[in-house]
Amino acid sequence: MSKGESVDRRRAIKRTVALGVSMGTLGAMNSGPLRANEFESIKTAIKPSNPIADLVIVGAGNAGIPAAIQAADLGVRVLLVDKNPFIGGMLNISGGHISGADSKLQIEKGIEDSPALHYRDAMRMGKYSNNSELLKIAVENAAAMIDWLAEIGVEFTPESPFFEDDHEHYSSARTYMGPDYGRSLLGPLRTELEKRIDRGDIKLLLRAKVTKLLQDDSGTVTGIAVDDDSGKASDFMAKAVILTTGGYGASQVLKEKYNPKIAKSKVVCLPHASGDGLIMAQQAGAELINMGHFVSFPGAIDGARGRLMFPPKHYPQGIWVNKQGERFVNEHAINPDERERAFLAQTDFGYFMILDKKSKINNEIGVKDWDQQQLDRQVSSGIVKKAQSIRGLGRKMGIPVQQLVKTVTEYNRSVVTGVDEKFNRQRLDSPIDEGPFYSIPITGSILISHGGVAVNHLLQAVESSGKVIDGLYAAGETIGSAQMMGTAVLSGMSVGPAITLGRIAARNACQYTQSQDSRVASCLITET
Ligand SMILES: Cc1cc2nc3c(=O)[nH]c(=O)nc-3n(C[C@H](O)[C@H](O)[C@H](O)COP(=O)(O)OP(=O)(O)OC[C@H]3O[C@@H](n4cnc5c(N)ncnc54)[C@H](O)[C@@H]3O)c2cc1C
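Residues numbered from 1 in each chain as written. Predicted model: local features only at pLDDT ≥ 70, side-chain atom pairs only at ≥ 80, totals over all residues.

> Provide a residue-level description of the nonpolar core, including the pertinent values.
Core analysis: the largest hydrophobic core is formed by 114 residues, its most contacted members being Leu55 and Ile242. With nine residues, the top contributor of residues to this core is helix α18 (residues 495–515). The two domains that each donate at least three residues to this core are domain 1 (98–177) and domain 2 (297–446). Sequence-distant contacts of Leu55, defined by excluding residues within four places in its chain, comprise Ala71, Val76, Val78, Ala238, Lys239, Ala240, Ile242, Ala509, Cys510 and Thr513. By size, the runner-up hydrophobic cluster in this structure holds 29 residues, among which are Leu308, Phe310, Val329 and Tyr438. (Core = buried A, V, L, I, M, F, W, Y, C linked by C-beta atoms within 7 Å. Buried ≥ 20, exposed ≤ 12 C-beta atoms within 10 Å, placed from the backbone. Helix = DSSP H or I, 4+ residues; strand = E, 2+ residues; numbered from the N terminus. Domains from an automatic or database assignment. Contact = placed C-beta atoms within 7 Å.)

> How would you sum up the site of the ligand? Please name residues and give values.
If you check the shell around the ligand, you find 39 residues, and the closest are Gly59, Gly61, Gly89, Gly95 and Gly476. Counting residues per element, the ones that place at least two in the shell around the ligand are β6 (209–215) and α18. Taken together, the residues of the shell around the ligand sort by class into 16 nonpolar, 18 polar and five charged. (Near = placed C-beta within 6 Å. Nonpolar A, V, L, I, M, F, W, Y, C, P; charged D, E, K, R; others polar.)

> Outline unusual backbone geometry, listing residues and values.
Geometrically, the link from Ser160 to Pro161 is a cis peptide bond, its omega value of -5 degrees lying close to zero. Within the secondary structure, Pro161 is located in the loop between α8 (142–151) and β4 (175–176). Its identity is not glycine, yet Tyr128 carries a phi of approximately 60 degrees, on the positive side. Position of Tyr128 relative to the elements: it lies in the loop between α6 (115–125) and α7 (132–140). Overall, Tyr128 belongs to the exposed group, with 11 C-beta atoms counted inside 10 Å. We note that Tyr181 has phi near 55 degrees; this positive angle belongs to a residue other than glycine. Relative to the elements of secondary structure, Tyr181 occurs in the loop between β4 and α9 (182–198).

> Could you give an account of the sheet that holds strand β9 (residues 240–243), with specific residues and numbers?
Spatially, the six strands line up as an open sheet ordered β5-β2-β1-β9-β19-β18, and their pairing is mixed. Two strands in the sheet have a free side with no partner beyond their single neighbour: β5 (202–205) and β18 (460–462). Taken pair by pair, the neighbouring strands of this sheet meet at an average axis angle of 30 degrees, ignoring direction. The pairing of β9 with strand β19 (residues 468–474) spans three bridges and is parallel. Counterpart to Val241 in the pairing with β19 is Leu472. Contacting β1 (55–58), β2 (78–81), β5 and β9, helix α4 (residues 64–73) runs over the sheet at an angle of about 170 degrees to β2. Strands β1, β9 and β19 of the sheet are contacted by α18, whose axis makes an angle of about 165 degrees with β9. (Pairing = 2+ DSSP bridges. Axes fitted to C-alpha atoms, helices over the stretch in contact; angles between N-to-C directions.)

Take it as geometry only, folks, not as evidence of what the structure does.
Written out as structure tokens, the structure reads:
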């Protein structure tokens, strides 16, 4: 871990705590009866003639746990390794929304839908830059994934499947969630994992960071190098490796390299999303694709807790202006994609919400859980600016004052005429004309990363020439969310496909391990 990464990790932990989920809580949630094999005991049990596993899965998260369960059920001996002291990865804090057409639940509710419709929606929303082949596999297998989750005991809210408001609506109600968000999925997955660990089909190693993929002379992946939490290194050999290490939203180094524009956005994913799988796969020869597609959600408060509420849940009274003092989007656009794209185009990747006294009186602040007291507190802390005139506000904000005055005047005129000529905003309830005026600084927030490891339809990692790297598979956010979402963020299309494609990668890797049976698998310990 570089110095930059370690600072980044500490900051991200702080933010996680700010989200109300402490690392201690995460550990406690996932400790209990789950028996992780201790590093030492695994090492001593391993003899070259008695390899520990046919298949290594790196990352016991959203994609890795279902992959391990699937592989174990196919009779393959699995070693599941995670650097965290707990399992579940991002499911511990994720919204846990999943999407899919034609599940039993959706059919029972009489909702008309089909995987073909899901595919068409996703391609259109992703501006046709999704991986059409993989997307097709994911949507065609989504119902089986959702039915399987229900079978193992995942409970969905009574409204599921529904239209999710945080993202552009699909043409049919096809998003599901549990009452406890991602943790509603994690609970039953954990139980299923535990059963296989008890049966001896899966060995789970926690606090073990995989640092490198081992390859033979032909480039075939033959195992992993792992550091335990004291930094001791060991090599574990296997016939195949699946990378399910998640994305790189928490890696300042990778964001500065590939997405400098959004690098300062607020990180709201967990610190383990440091792109380890991408780095290791690239070192092994794999291509990284879609690295420029990063989407940072508009709406985090720069410097404070809270996030903007968007239509249709909330209609803030104010306007949004960029650092040039200009409006740049229909603030009430029902389609979040419209706001996300407009936000991505802003030079400094930040903007301000401008309110006046009326908004405050009506408690229409538009920030989740912010009331008048909270707004006043943020004024005292200097994060929110307050002034008796728009001119004074502009000066405090440090943006072009004349332009801000012009923007507010134009907006107020739109309220009178009922027509927003610039952005066709429909809700023009009240002018911004009564001091004191407020400015709330907004920035982007990072949940998922769109770039990742290039894979083929079997989830095998591939080089830029298209050549398959034998023995190496990847699924989940490691392959990048753009594979499913293109340049957009689609409802439930990260958590769901992580499970679907994780299971499919496991099936393909199992077939591969069987084809390798003539090779003598071994496990070497090379302590340094
Ligand atoms: C706040 C939030 C809300 C979200 N809500 C939704 C939603 O509602 N719907 C949706 O579709 N998506 C959502 N997402 C995105 C989604 O949760 C993630 O994309 C998805 O869960 C990632 O799954 P994964 O298996 O790829 O990675 P993870 O679940 O992050 O698992 C990766 C695992 O790999 C381990 N690991 C990493 N590197 C190493 C290494 N070197 N050695 C060993 N282990 C390693 C990590 O410790 C971790 O346990 C949300 C994300 C966030 C942050």
